[in-house]
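A structural walkthrough
As a plain string of letters, each chain reads:
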Amino acid sequence: GHYQCVWSLEPFFNGSLPTSGDDLATSALPTMYTTATVRNFELIECPGANWGYTQPAGNVSFFVVEDEEVLEAADEANKVFVFDAYWNSRAPSEGLAEAGTRITVTGAGFDPAQMDSYSCKF
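Rules used throughout
Residues numbered from 1 in each chain as written. Predicted model: local features only at pLDDT ≥ 70, side-chain atom pairs only at ≥ 80, totals over all residues. Heavy atoms only, no water. Helix = DSSP H or I, 4+ residues; strand = E, 2+ residues; numbered from the N terminus. Rg over C-alpha atoms; globule rule 2.2 N^0.38 Å. Buried < 20%, exposed > 50% of the residue type's maximum accessible area, 1.4 Å probe, protein only. Contact = heavy atoms within 4.5 Å. Areas by Shrake-Rupley, 256 points an atom, 1.4 Å probe, with all protein chains shown as cover. Lys, Arg positive; Asp, Glu negative; His and termini not counted. Charge placed at Lys NZ, Arg CZ, Asp CG, Glu CD.

**Regarding the overall build of the chain**
- Counting secondary structure elements, the chain contains two helices and nine strands.
- Listed by position from the N terminus, the elements making up the chain come as β-α-α-β-β-β-β-β-β-β-β.
- A globule of 122 residues ought to have a C-alpha radius of gyration of about 14 Å, yet the chain, at 19 Å, is considerably larger.
- Taken across its 122 residues, the chain has 22% of its residues classed as buried.
- Contacts in the chain between residues at least 24 apart in sequence constitute 54% of all its contacts with a sequence separation of at least 6.
- As displayed, the chain has an accessible area near 8,900 Å², and 52% of this comes from carbon and sulfur atoms.
- Averaging the positions of the 5 positive and the 17 negative side-chain charges in the chain gives two centres separated by 17 Å.

Structural data, given as structure tokens:
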């Protein structure tokens with residue numbers, strides 16, 4: 001079969017799990033797919049989604065889909081994946097000792113709705 005890894009906010013808002021890939025594909029909520037690689041009868045590897053480049057960091061539901069059917073997870077399986085915000089560069093790397101130098105921080109997973117909660121500390 002063809003396997004996909006899916007990250008979605010769907011169950012957090014609907015309260016129910018999707019049963020098909022179509023349920024996820026037609027969701028109005030953020031959903032991302034990556035192609036899974038089957039390593040053996042017990043192992044599938046999923047490359048991470050680029051969630052933080054278009055969505056804020058946070059908890060999302062994780063699914064594996066085979067040929068458009070959402071595979072059922074074991075009861076004890078952790079079905080939540082946490083995307084963390086991070087920063088990877090800042091510019092400039094130096095400035096005057098007096099206040100006023102504007103520093104630009106780049107990364108992923110920042111939440112524009114929470115702009116007032118971010119701060120730089122020196």
